[in-house]
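Tertiary structure, described
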Amino acid sequence: AYISLNDRNGEGRWEFKKTPAADAPALEAVNRDYDFDSLDKADWEGVIVPGELEMQGFELKNNTEYYYRTNIHIPKDFAGYRCMLRFDGVYSNARVWVNNRYVRSHQGGFTTWYCDITEYAVPGGEVRLVVGIADLEGDEPGLYNGNRRRPLRDPSFASNYAHHNIGGILRDVSL
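Reference entry: report on the structure contained in this document. From a predicted model like this one, the values you see are computed outputs, not experimental measurements.

Right, let's talk about the pairing of strand β6 (residues 93–98) for a bit. Burial runs high along β6: six of the six residues are buried. Judged by which residues are buried, β6 turns out to be covered on both faces: Asn93, Arg95 and Trp97 on one side and Ala94, Val96 and Val98 on the other are all buried. Pairing of β6 with strand β7 (residues 101–107) involves six bridges; the strand directions are antiparallel. Within β7, the position partnered with Trp97 by the bridge is Tyr102. Connecting β6 to the next strand, β7, in antiparallel fashion are two residues, including Asn99 with a positive phi near 50°.

Another point: unusual backbone geometry. A cis amide bond links Val49 to the next residue, Pro50, at an omega of 0°. Its location among the elements puts Pro50 in the loop between β2 (44–46) and β3 (66–73). Ser92 follows Tyr91 through a cis peptide bond whose omega is -15°. Residue placement: Ser92 occurs in the loop between β5 (90–91) and β6.

This part covers the side chain of Asp88. By the element assignment, Asp88 lies in the loop between β4 (84–87) and β5. Residue classification places Asp88 among the buried residues on the basis of a relative accessible area of 15%. Here Arg86 takes part through its side chain, which lies 2.6 Å from a polar atom of the side chain of Asp88. Apart from the residues lying within four places of it in its own chain, the contact partners of Asp88 are Phe110, Thr111, Thr112, Arg171 and Asp172.

Our next topic: the packing of aromatic side chains. Evaluation of the coordinates by the stated rule reveals eleven aromatic pairs. Each ring, one from Trp97 and one from Tyr102, has its centre 5.9 Å from the other, and the planes form 70°; the classification is edge-to-face. Through successive ring pairs, a cluster of aromatic residues spans Trp14, Phe16, Phe58, Tyr66 and Tyr68. The ring of Trp44 has Arg69 sitting right over it, with the charged end atom 4.0 Å from the ring centre.

Turning next to the environment of Tyr114. By the secondary structure assignment, Tyr114 is in strand β8 (residues 113–116). When the C-alpha positions of Tyr114 and Val173 are compared, they lie 9.8 Å apart, and in sequence the two are 59 residues distant. The residues touching Tyr114, leaving out its near neighbours within four places in the chain, are Met84, Leu85, Arg86 and Arg104. Within the local environment of Tyr114, its side chain forms a polar contact with the side chain of Arg86, the two groups lying 3.0 Å apart.

Below, the discussion takes up the nonpolar core. With 32 residues, the main nonpolar core has Trp14, Tyr68, Leu85, Phe87, Ile117, Val131 and Leu175 as its most contacted residues. Those elements that place two or more of their residues in this core are β3, β4, β6, β8 and β9 (126–134). The greatest single-element share of this core, amounting to four residues, is contributed by β9. Leaving out residues up to four positions away in the same chain, Val131 has contacts with Trp14, Tyr66, Tyr67, Tyr68, Phe87, Val90, Ala94, Arg95 and Ile169. Counting residues in hydrophobic clusters, the runner-up holds ten residues, among them Leu39, Tyr67, Tyr102 and Val130.

Time to look at the sheet that holds β9. Two pairing modes exist for strands in a sheet, parallel and antiparallel, and in both the strands are linked by backbone hydrogen bonds. Pairing is antiparallel in the open sheet, where six strands are placed in the order β2-β1-β3-β9-β6-β7. Every other strand in the sheet has two partners, leaving β2 and β7 as the edge strands with one partner each. Within the sheet, the average angular offset between the axes of one strand and its neighbour, ignoring direction, is 25°. In this sheet, β9 lies alongside β6 in antiparallel orientation, the contact comprising six bridges. In the sheet register, Asn93 faces β9, and the bridge partner there is Ala134.

The rules behind the values
Residues numbered from 1 in each chain as written. Predicted model: local features only at pLDDT ≥ 70, side-chain atom pairs only at ≥ 80, totals over all residues. Heavy atoms only, no water. Buried < 20%, exposed > 50% of the residue type's maximum accessible area, 1.4 Å probe, protein only. Helix = DSSP H or I, 4+ residues; strand = E, 2+ residues; numbered from the N terminus. Pairing = 2+ DSSP bridges. Polar contact = N/O pair within 3.5 Å; in protein donor to acceptor, adjacent residues only side chain to side chain. Contact = heavy atoms within 4.5 Å. Phe/Tyr/Trp six-rings, centres within 6.5 Å; stacked < 30°, edge-to-face > 60°. Lys NZ or Arg CZ within 6 Å of the ring centre and 35° of its normal. Core = buried A, V, L, I, M, F, W, Y, C linked by side-chain atoms within 4.5 Å. Axes fitted to C-alpha atoms, helices over the stretch in contact; angles between N-to-C directions.

These results come straight from atomic positions and should not be treated as a statement about function.
Laid out in structure tokens, this is it:
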């Protein structure tokens, strides 16, 4: 079965955290789980998915991780099957958490990739999905370049051509 997780009209399925989490888990941390429920509820705002964040009025800094969240209902008829999220394009680096548990990361803004959430998906229940995104480029400090030691280069860097940070969930998301 295929279930679209898009919200092209901004009807409230997805929210976006307007400021980075100051205590986000380090990229190389042994335990990258994180309690997103403890973050200030007023800092989240409705967002269109898929879509460019800056085109929706959000300002993004390079090398800084920002967060999307949504709740996903897992249909009862998913029992006995693997439960996969499909991302058709998240620019340019992504990290995924389900129910505050770190699942995986992906780099490459315009490629399709999958995320297996079977162990968290109880048929008939719900999961909380959080997707961290970062537009990787240059020596601007942030989670992805905290010490400014090296300029980052994302092979799919398109913000240079767009003249703004493209960061975000740019293409379809499905379960």
